[in-house]
Amino acid sequence: MSPTLERTDRQFNVSSTSDVRLRHRLKVVEDLWESVLRQECGQQMVDLLRELNPMQSEEGQAPDLKDSPVVSKIEQLDLNDAIRAARGFALYFQLINIVEQHYEQRDQQKANVSNNLTFTEETISRIDTPEELGDGTNESQVPGGVRPEKGTFSSLFPKLRQLNVPPQLIQKLLDQLDIRLVFTAHPTEIVRRTIRGKQRRIAKILRQLDRVEDGLRSVGMTSSLEAEALENQLMEEIRLWWRTDELHQFKPTVLDEVEYTLHYFREVLFDAVPQLYQRIKRTLKASFPYLEPPSYNFCQFGSWVGADRDGNPSVTPRVTWQTACYQRNLVLEKYISALDSLTESLSLSLHWSEVLPELLESVEQDRLQMSEVYDRHAIRYRQEPYRLKLAYIQQRLENTRDRNLSLYHAENWRVQIRETETLPIYRSGSEFLAELQLIQRNLVETGLTCSELDTLICQVEIYGFNLAHLDIRQESSRHSDTIGELAEYLQVLPKPYDDLTEEERVEWLVSELKTRRPLIPTELPFSDVTKETIETFRIVRLLQQEFGTELCQTYIISMSRQASDLLEVLLLAKEAGLYDPATGSGTLMVIPLFETVEDLKRAPKVMKDLFELPLYRTLLEGGYGRESVGDHPRRRPTALQEVMLGYSDSNKDSGFLSSNWEIHKAQKALQAVGDPYGVKLRIFHGRGGSVGRGGGPAYEAILAQPGRTIDGRIKITEQGEVLASKYSLPELAIYHLETVTSAVIQSSLLGSGFDDIDPWNETMEELAWRSREHYRSLIYEEPDFIDFFMQVTPIEEISQLQISSRPARRRKGKKDIGSLRAIPWVFSWTQSRFLLPAWYGVGTALHEFLEEEPQEHLKLLRYFYLKWPFFKMAVSKVEMTLAKVDLQIADHYVRELSRPEDRDRFAALFDRIAHEYHLTRDLVLTITGHKRLLDGDPSLQRSVQLRNSTIVPLGLLQVSLLKRLRQHGISSTPGVIQSRYSKGELLRGALLTLNGIAAGMRNTG
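How each quantity is defined
- Residues numbered from 1 in each chain as written.
- Predicted model: local features only at pLDDT ≥ 70, side-chain atom pairs only at ≥ 80, totals over all residues.
- Heavy atoms only, no water.
- Helix = DSSP H or I, 4+ residues; strand = E, 2+ residues; numbered from the N terminus.
- Buried < 20%, exposed > 50% of the residue type's maximum accessible area, 1.4 Å probe, protein only.
- Contact = heavy atoms within 4.5 Å.
- Areas by Shrake-Rupley, 256 points an atom, 1.4 Å probe, with all protein chains shown as cover.
- Phe/Tyr/Trp six-rings, centres within 6.5 Å; stacked < 30°, edge-to-face > 60°.
- Lys NZ or Arg CZ within 6 Å of the ring centre and 35° of its normal.
- Pairing = 2+ DSSP bridges.
- Core = buried A, V, L, I, M, F, W, Y, C linked by side-chain atoms within 4.5 Å.
- Axes fitted to C-alpha atoms, helices over the stretch in contact; angles between N-to-C directions.
- Parallel < 35°, antiparallel > 145°, perpendicular 65-115°, else oblique.
- Left-handed = near helix turned anticlockwise from the far one by under 90°.
- Nonpolar A, V, L, I, M, F, W, Y, C, P; charged D, E, K, R; others polar.
- Salt bridge = Lys/Arg side-chain N within 4 Å of Asp/Glu carboxyl O.
- pLDDT = per-residue confidence, 0-100.
- Patch = residues over 30% accessible without salt bridge, like charges linked within 9 Å, V, L, I, M, F, W, Y side chains within 5 Å.
- Expected span 1.5 Å × (residues − 1).

Q: Would you mind showing me how to read the overall build of the protein chain here?
A: Helix and strand counts for the protein chain stand at 40 helices and ten strands. For the protein chain, buried positions account for 61% of its 1005 residues. Of the contacts formed within the protein chain by residues at least 6 apart in sequence, a portion of 82% connects residues at least 24 apart. Working note: accessible area of the protein chain is about 39900 Å², and carbon and sulfur atoms make up 50% of it.

Q: Honestly, the packing of aromatic side chains in this entry has me stumped. Any pointers?
A: Each aromatic ring pair is summarised here by two numbers: the centre-to-centre distance and the angle between the ring planes. Inspection of every chain in the model, using the stated rule, returns 45 aromatic pairs. Look at F864 and F871: their rings are 5.5 Å apart centre to centre, the planes differ by 70°, and that puts the pair in the edge-to-face class. Owing to a relative accessible area of 0%, F864 belongs among the buried residues under this scheme. Owing to a relative accessible area of 4%, F871 belongs among the buried residues under this scheme. Aromatic rings pair up to connect F183, F265, F270, F301, Y335, Y426, F432, Y463, F465 and Y727 into one cluster. Taking the ring centre of W242 as reference, the NZ or CZ of R87 above it sits at 4.3 Å. When the ring centre of Y374 is taken as origin, the NZ or CZ atom of R367, which lies over that ring, is 5.7 Å away.

Q: Quick question: what am I supposed to make of the pairing of strand 7 (residues 589-594) here?
A: Side chains on a regular strand alternate between the two faces of the sheet. Within strand 7, five of the six residues are buried, leaving the element largely enclosed by the surrounding structure. Where strand 4 (residues 554-558) lies against strand 7, four bridges are found, and the strand directions are parallel. Looking across to strand 7, one finds that I557 is bridged to P592. As judged from the two bridges shared by strand 7 and strand 8 (residues 639-646), these two strands associate in the parallel manner. Counted as the bridge partner of L593 is M644 from strand 8.

Q: Honestly, the nonpolar core in this entry has me stumped. Any pointers?
A: The biggest cluster of nonpolar side chains holds 166 residues, and the ones touching the most others in it are L269, F301, Y335, F432 and Y463. Ranked by the residues each element gives to this core, the list is headed by helix 11 (residues 254-287), at 15 residues. Once you skip the residues sitting within four places of it in the chain, F432 turns out to touch Y335, I393, L397, Y426, L456, V460 and F465.

Q: Looking at this structure, how should I read the sheet that holds strand 8?
A: Sheets are built from strands that pair by backbone hydrogen bonding, the pairs being arranged parallel or antiparallel. In spatial order, the strands read 1-2-3-4-7-8-9-10; together these eight strands close into a barrel with parallel pairing. Taking each pair of neighbouring strands and ignoring which way they run, the sheet shows an average axis angle of 25°. The pairing of strand 9 (residues 679-686) with strand 10 (residues 713-718) spans two bridges and is classified as parallel. Paired with H685 across the bridge in strand 10 is I716.

Q: Can you help me understand the packing of helix 37 (residues 887-897) against helix 38 (residues 903-928) in this one?
A: When two helices pack together, their arrangement is given by the angle between the helix axes and the distance between those axes. Axis separation between helix 37 and helix 38 bottoms out at 10 Å; the angle between their running directions is 165°. By the angle between their axes, helix 37 is roughly antiparallel relative to helix 38. Helix-helix and strand crossings are classified by hand; for helix 37 and helix 38 the assignment is right-handed. Across the interface between the two elements, L887, A890, D891, V894 and R895 of helix 37 pack against R903, F906, F910, A914, Y917 and H918 of helix 38. Taken together, the residues of the contact of helix 37 with helix 38 break down into seven nonpolar, one polar and three charged.

Q: I'm lost on helix 31 (residues 785-792) in this one. Help?
A: With six of eight residues buried, helix 31 is to be regarded as a mostly interior element. Tucked into the core, helix 31 has its buried residues touching helix 30 (758-779), helix 32 (795-798), helix 33 (822-831), helix 37, helix 38 and helix 39 (938-967).

Q: I'm lost on the side chain of T536 in this one. Help?
A: Turning to its location among the elements, T536 is positioned in helix 21 (residues 528-547). In contact with T536, not counting residues within four places along its chain, are R309, P317, I472 and Y555.

Q: Explain the pairing of strand 8 here, please?
A: The buried fraction of strand 8 is high, at seven of eight residues. Strand direction decides the pairing type here: strand 8 and strand 9, joined by eight bridges, are parallel. Within strand 9, the residue paired with L645 across the bridge is H685.

Q: It is not clear to me how the side chain of D891 should be interpreted in this structure. Could you clarify?
A: The topology assignment puts D891 in helix 37. Overall, the relative accessible area of 13% leaves D891 in the buried class. Other than its neighbours up to four places away in sequence, D891 contacts K66 and F910.

Q: Sorry if this is basic, but what is going on with the pattern of salt bridges here?
A: Working definition: two side chains of opposite charge can pair if their charged atoms are close together. Summed over the entire model, instances satisfying the criterion amount to 67 salt bridges. The closest approach of N and O atoms between R367 and E364, which form a salt bridge, is 2.6 Å. Residue R367 and its partner E364 are located together in helix 13 (residues 357-369), separated by three residues, close to a single helical turn. What makes R367 partly exposed here is its relative accessible area of 29%. Overall, E364 belongs to the partly exposed group, its relative accessible area being 36%.

Q: So what exactly am I meant to see when it comes to the confidence of the model for the protein chain here?
A: Detailed reading of predicted coordinates is not advised where the pLDDT is low. Put simply, the protein chain has an average pLDDT of 86, and 86% of its residues get 70 or more. When mean pLDDT is compared element by element in the protein chain, helix 22 (residues 563-575) scores highest at 98, while helix 6 (residues 121-125) scores lowest at 36. Contacts from residues 1-16, a stretch scored under 50 in pLDDT, to residues over four places away or in other chains number 33 contacts.

Q: I'm lost on the packing of helix 9 (residues 193-218) against helix 10 (residues 225-242) in this one. Help?
A: At a minimum axis distance of 9 Å, the contact between helix 9 and helix 10 shows a crossing angle of 165°. Here helix 10 runs roughly antiparallel to helix 9, going by the angle between their axes. The handedness of the crossing between helix 9 and helix 10 is left-handed. For the pair helix 9 and helix 10, contact is made by I195, K198, Q199, R201, I202, I205, L206, Q208, L209, V212 and L216 and by E226, A227, L230, E231, Q233, L234, E237, I238, L240 and W241, respectively. In the contact of helix 9 with helix 10, the residues fall into 13 nonpolar, three polar and five charged.

Q: Quick question: what am I supposed to make of a nonpolar patch on the surface here?
A: On the surface, a nonpolar cluster with roughly 240 Å² of combined accessible area is contributed by Y489, L490 and V492. Among the residues examined, V492 registers a relative accessible area of 33% and is labelled partly exposed.

Q: Where do I start with the environment of L572 in this structure?
A: As for its placement among the helices and strands, L572 is situated in helix 22. Owing to a relative accessible area of 3%, L572 belongs among the buried residues under this scheme. On a C-alpha basis, the gap between L572 and T536 in space is 9.7 Å, while along the polypeptide they are 36 residues apart. Not counting the four nearest positions on each side in its chain, L572 is found in contact with H479, T482, I483, L486, I520, T533 and F537.

Q: Would you mind going over helix 9 with me for this structure?
A: Here helix 9 spans 38 Å end to end across 26 residues, near enough to the 38 Å set by a 1.5 Å rise per residue. A positive backbone phi angle near 80° is found at G220, which sits one or two residues after helix 9.

Q: Even after reading the chapter, I still don't get unusual backbone geometry, so can you show me in this structure?
A: Trans peptide bonds make up most of the peptide bonds, and negative phi angles are found at most residues other than glycine. Here N164, not a glycine, exhibits a phi torsion of approximately 60°, which is positive. Looking at where N164 falls in the secondary structure, it is placed in the loop between helix 7 (153-162) and helix 8 (167-175). Residue N164 is classed as exposed on the basis of its relative accessible area of 64%. Look at L835: it is not a glycine, yet its phi comes out positive at around 50°. Following the sequence through the fold, L835 ends up in the loop between helix 33 and helix 34 (842-852). We classify L835 as buried; its relative accessible area is 10%.

Q: Sorry, what's going on with the environment of G955 here?
A: On the secondary structure map, G955 appears in helix 39. Measuring from C-alpha to C-alpha, the distance between G955 and T993 comes to 7.6 Å, with 38 residues separating the pair along the chain. Among all residues touching G955, those that are not within four sequence positions of it are Y893 and I997.

Listed below in structure tokens is the structure:
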């Protein structure tokens, strides 16, 4: 048994059969891992890895590394051995990630079987009290030890019934349920798609091995030839993986990112989401038989990949066009494949089954349009009208696909669109859906059902022909610069646009929006940047014409600060035909993104200024054609405004606690602003994967939202780094989507009201302010901090990873914190085990508050933790992050990577950070009542500790390689030996350790 598993045995009690199986599988995989390394590198490498894996503390932290023999051993390693050791540890992390995900899915499958049971009235009455809803129940509380799983529909709906929530309220919420998950790529998905394919194959073999071993146990056997064959397959896959390069061979293009992101739809989501609908329908019926489930498409998907322009010059109009075509091709291929199976099933004969006249009439119309299909199938299907109808449908789909492919490759899209109009096609998913519903009606009218057809209809309602909505995003200054250049060229303003006050800008923009006169000439005698901005709006217009308005109808303005930022976009949209001043209606929703703390504070005023404009309110209401009007806001029809709140930049700006509190306050204030104008809000949460960028469990985060701000509607980013952990396996994907949906329903119907207690809000305001002050005093006011950050973290090396089409900085040449994107900022601190953005400042804020009245304030904070979802969410996220921090490793980065002349001042900075860490950890434990971090979540605790223990040597390897890389070529430095390796070889070694630590920490930025 390897040292890692020996520690695992000591640290973790066996609490369930699942734990036993997990530890057994980890042991099997570790043995195979060692066997592969032995075959590929020799026993010496296996011995080296064992030697480099030192003993850790009970929490998996590193020992004192000063004068450590392990550090000396690593410093003396040949580069080839160092790289192979780094690859070995990185491979280990990837393998245990696969095993853990596999058993998470296995547990969810078992929970789903339990959750499908119908609970009796007695069972429902014995589930915990209302405030415990969503926290799970005790196994002893339900018959047979079966309990509804946390966050599932089987937990939620019985509870709503027990609490006597009026069914009409539940039905109203279900009718308007609108959940949108938006996939992004820019948070640096570090693992190659090639490696992801190998991971899926290994997961598949593990599933097969489980089935074989379960069968063996049922008959009292322990091994078989089949089990041995599967283990040999695992060995083979791991060996092939070892010989595959983990690093991207080239910087991925935007379309590479599109392909990578969308493969989750192809592999998992296309088939998984209809199962989510069946699950909510089934569990709702068990508790509320007379209620109707939500629409098929209550959960929809969006994407920024190929459309998000903010700071990414690689996203061009052509790339966005090709992205839309790629999405449509993927979903059309899925439908064509589904029709093959459906044709096999619907073999009904006129001899034995009735067929309604409308179907026969439809088939006759198809014959007139597609005589070649009739000639091909008439004899074979002459008595099988369903199959004949499906043959016509399939031909139309194939024509649509072929036309789409020609548009993907076309140089001139407008010409190509006209040239491909000859064959019968489907112009939209709704046309295809109508044909499927025609078949469904005929089956139902003749007393039949077809689950395959029902599933396909569900998929078409969810995905249409577009698969996912595309959100356009651009930074606000691009629009003001464009308007400024236009105004200067046309000489329409008495002074430069930049010199106008906000009031003057709004007045002029509104006047231009009211006129039908075009502002932009057909030819564009402007700068390249301005021309690209104008062309973006023109391509949106073309996308809507070709794909329908539902594909691309949202335009997000990052760094929104004032009302004119939105009006500028609306004016550019008008010039592209996306807003009609004659009707006051438009096909593009303009969405502000408030990111910094100051912008979040300004957000309510910005939106109020907009809602005060009759022109803007009319746009939200759908134009002049709708009933309203008058100047009485409360008599106007309900309108919808989407507002995006950014977690990443606000966290980088002011620290974790302040960021989360300002977002929490902004949501409440925005809701209050919209109400008098009859405007409903859909809050778009720009969450990252890591806690430092707003990440963490979505279920708890949604429950922590202030009451009334959700109301059945939410939109959330799903960052590239977390897609694999949530969507790589079907049951994990369904469970994640189920918990998000459950949280939205629960938060909308059972708001706690704690967010409206003024004294609590005043306390949180004080804590957030103290935390922000302490955070900024280090990050922005400490003169040595930037040098410290640049030297003791791998930020410069991260920028050289070929992992994203997007630059690491918003502005080239800048070395300040402000220009650095939040993603590499958080990634750097994660690699060096500081994880500083997710906790720094919290300890000081809590300490200063407790110092005022120690006993009373501690009671208050503990009460907050028990009763206030927002406070519990914040503390739990900090606790999780602290468990991943390793100050011994962080100190090693500081000592070894600091230049000699900087070591003293950097040591003082490290001591300051370490003091804040210990203060934060001790106070979090005091508030939660835990003896160790994560005592309240044993599964997560196990996972974090298992990784912490083996990341230590990988961190030491990274530091050693970074030292060699940074010293390369500095022959004049006393005591530094000129490296015999090229800079490229050293960089490659350092980048491999970045990969490995990211796998071990299970996130990047």
